[in-house]
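# A look at the structure
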Amino acid sequence: MGALDNLEPKSVFHFFEEITQIPHGSDNVQGISNYLVKFAKDRNLEYIQDDTWNVIIFGPASEGYEDKEPVILQGHMDMVAVHDADYDIDMKTQPLKPMTDGKMVWAKGTSLGGDDGIAVAYCLALLDSNTIPHPRLEVVITTNEETGMDGAFAIDLSPLKGRKLINIDSETEGVLLTSCAGGARFYANIPVTKVHRSGISFDIEISGLLGGHSGTEIIKEHGNANILLARVLANVADKFDLSLVNINGGVADNAIPINAKAEVIAPEDIDENAFIGAIQSIEAVVKNELAIKDPDVKFTITKKSKGTFDCFDAKSTKNVYKLILSLPNGVQAMSASVKGLVETSLNLGVVKSNDNTVTLEYAVRSSVDSSKDNLLQKLEFITCAFGAQAQITSSYPGWPFNPDSKLREHMIEVFNKMYGHEPKIEALHAGVECGLFSKKLEGLDCISIGPDMEGVHTTSEKLSVESAARTFEYLCEVLK
């Protein structure tokens, strides 16, 4: 018996739980892709699976709907796979453990993958049903959306006949998303010179932060563990003659990092009380700054061992924390046309030590293409001034508002009939694949919807059961 068997709609939560049992973090999608192909084969449905593991499944129209225009339903199969530091799991090979109290669904110790497993579950439930009326369905499930929309870039959409697309990658019920920001990935690769040094090794760790989605939650200004760790190093490295051995933080560029750790070497005669006291003083300042935004931030110093170590030389150590603190981060501009909407932002999601390099990974977003380009240029100039290498990848377009959307009019009308009031019409400071799809299919009319979710891209992720049910009911009525 599955953990979600008693939840309604049964078919939706049945498929959702099946998805949680297949590891499907970004860049680990072959298994979930093959699962979708098997689903189609078992039901004699036409399908396409491409070289990047994207899957398109075609569902025939219900009786009486054969002459209706096809509808494209779209989501992505990958999730941001993160787990609590003290939870022992290999998310590349082991299933999630979904849990529920009847009101919410979450996964023990990990992210849930409701973003965007609920889209996949909705689509499979519709394709599997013989009782839900709908026109021909063209279900498009892409790969690696969370790491740069790679699947949406690669997919061939020419087999699609529909020009109305319902994207199911939003996280607030009762909202019709009608436009979104464009974005890009930025990488700063800092060369590191290694030396041998004798001394005492310490770990400095930042933890306890709330994190969140770097698009939708960047406006909350939660603490960024990578930035805070660099701030600690900037305040103590010179004073106590520290050398970095490694520095690592975050799991994805589009997730605000909740944890970061650096191993440092200090002289054997270091005044440990003064060293620990200095870090505790910085912690007290940060706790005061984040008292409302991130109240549980925690700094931990752990003494490890004496010996001789391979570590960064003094210049490399300084370059790392100085570049992190010199590059911008967070909200850069608010929209002048939409109240409360972030226009331009960036997030230092990952800091990663390699053999002779430290890499900084940023998600850059803006609803104004020129502002995005200007920010990327600024990042490049600052990075190169430090002698590091800059790289820009996965630049994707925004999705502009369509003032003549017939799909939007229809979905507003259906919502009004069902609930007695109109849905909210919103723009989003995050990327959905509608922009790329619109570039590939001329005349495409898109809307994005989804049920209530919270804490996406974190181990606090939860999906509302009642909202998931209502949103599925709404989707079915729209198709009807």
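Scroll up for the structure.
Below: a short report on this structure.

Cut-off values and rules
- Residues numbered from 1 in each chain as written.
- Predicted model: local features only at pLDDT ≥ 70, side-chain atom pairs only at ≥ 80, totals over all residues.
- Heavy atoms only, no water.
- Helix = DSSP H or I, 4+ residues; strand = E, 2+ residues; numbered from the N terminus.
- Rg over C-alpha atoms; globule rule 2.2 N^0.38 Å.
- Buried < 20%, exposed > 50% of the residue type's maximum accessible area, 1.4 Å probe, protein only.
- Contact = heavy atoms within 4.5 Å.
- Lys, Arg positive; Asp, Glu negative; His and termini not counted.
- Charge placed at Lys NZ, Arg CZ, Asp CG, Glu CD.
- Salt bridge = Lys/Arg side-chain N within 4 Å of Asp/Glu carboxyl O.
- Pairing = 2+ DSSP bridges.
- Axes fitted to C-alpha atoms, helices over the stretch in contact; angles between N-to-C directions.
- Parallel < 35°, antiparallel > 145°, perpendicular 65-115°, else oblique.
- Nonpolar A, V, L, I, M, F, W, Y, C, P; charged D, E, K, R; others polar.
- Core = buried A, V, L, I, M, F, W, Y, C linked by side-chain atoms within 4.5 Å.
- Phe/Tyr/Trp six-rings, centres within 6.5 Å; stacked < 30°, edge-to-face > 60°.
- Lys NZ or Arg CZ within 6 Å of the ring centre and 35° of its normal.

## Brief notes about the overall build of the protein
Along the protein, the regular secondary structure elements total eleven helices and 23 strands. Taking 23 Å as the expected radius of gyration for a compact globule of 480 residues, we find that the protein reaches 24 Å, a close match to that expectation. Each of the three principal axes of the protein carries a C-alpha extent, and together these read 85 × 50 × 45 Å. Here the protein holds 480 residues, and the buried ones make up 56% of them. Long-range pairs, those at least 24 residues apart, make up 79% of the contacts in the protein with a sequence separation of at least 6. On the protein, the mean spot of the 43 positive side-chain charges and the mean spot of the 68 negative ones are 3 Å from each other.

## Topic: the pattern of salt bridges
What the rule picks out here adds up to 18 salt bridges. Across the pair arginine 231 and glutamate 289 runs a salt bridge, and its minimum N-O distance is 2.7 Å. Note that arginine 231 is positioned in helix α5 (residues 225-236) and glutamate 289 in helix α6 (residues 272-289), a separation of 58 residues in sequence. By relative accessible area, arginine 231 is classed as partly exposed at 25%. Among the salt bridges present, the one from lysine 318 reaches aspartate 238, with a minimum N-O distance of 3.7 Å. Taken together, the residues span a long stretch of sequence, with lysine 318 in helix α7 (residues 314-326) and aspartate 238 in the loop between α5 and β12 (243-249) at a distance of 80 residues.

## Some points on the pairing of strand β1 (residues 46-49)
Look at any regular strand and the pattern is simple: side chains alternate between the two faces of the sheet. Across four bridges, β1 lies against strand β2 (residues 55-59) in antiparallel orientation. Across the sheet, glutamate 46 pairs through a bridge with phenylalanine 58, a residue of β2. Hairpin connection between β1 and β2: a loop of five residues separates the two successive antiparallel strands, and tryptophan 53 in this loop has a positive phi of roughly 75°.

## Describing the packing of helix α1 (residues 10-20) against helix α2 (residues 30-42)
At a minimum axis separation of 11 Å, α1 and α2 run at an interaxial angle of 140°. Between α1 and α2, the angle falls in the class oblique. Residue-level inspection shows Phe15, Glu18 and Ile19 of α1 in contact with α2, the latter providing Ile32, Tyr35 and Phe39. Its residues assigned to classes, the contact of α1 with α2 comprises five nonpolar, no polar and one charged.

## Observations regarding the environment of glutamine 74
Within the secondary structure, glutamine 74 sits in strand β3 (residues 71-76). In the structure, glutamine 74 is positioned 352 residues away from glutamate 426 in sequence and 19 Å away in space, judged by C-alpha atoms. With sequence-adjacent residues up to four places away left out, glutamine 74 is seen in contact with Val140, Thr142, Leu165, Ile166, Asn167, Ile168, Glu433 and Phe437.

## Considerations on the nonpolar core
Counting 64 residues, the largest nonpolar core has Leu73, Val105, Leu126, Ile166, Met411, Leu463 and Leu475 as its most contacted members. The element best represented in this core is helix α3 (residues 114-128), accounting for ten residues. Leave out the neighbours within four places in its chain, and valine 105 touches Leu4, Leu7, Phe13, Phe16, Met99, Thr100, Leu112, Glu461, Lys462, Leu463 and Val465.

## Some thoughts on the sheet that holds strand β23 (residues 462-464)
With antiparallel pairing, the four strands of this open sheet are ordered in space as β4-β5-β23-β22. In this open sheet, the two strands that pair with only one neighbour each are β4 (98-100) and β22 (453-454). Taken together, the two bridges between strand β5 (residues 104-107) and β23 define a ladder with antiparallel strand orientation. In the sheet register, valine 105 faces β23, and the bridge partner there is leucine 463.

## Observations regarding the packing of aromatic side chains
Between two aromatic rings, the relevant description is the distance of the centres plus the angle of the planes. Across all of its chains, the model carries seven aromatic pairs by this definition. Between phenylalanine 415 and tyrosine 419, the aromatic rings sit 4.7 Å apart at their centres with planes inclined by 55°, giving tilted as the arrangement. One end of the pair is phenylalanine 415 and the other is tyrosine 419, both in helix α9 (residues 406-419) and four residues apart, which spans about a single turn. Given a relative accessible area of 6%, phenylalanine 415 falls into the buried group. Look at tyrosine 419 and you get partly exposed, because its relative accessible area is 26%. Joined through ring pairs, the aromatic side chains of Phe202, Phe240 and Phe275 make up one cluster. The ring of tryptophan 106 carries the charged tip of lysine 462 above its face, separated from the ring centre by 5.2 Å.

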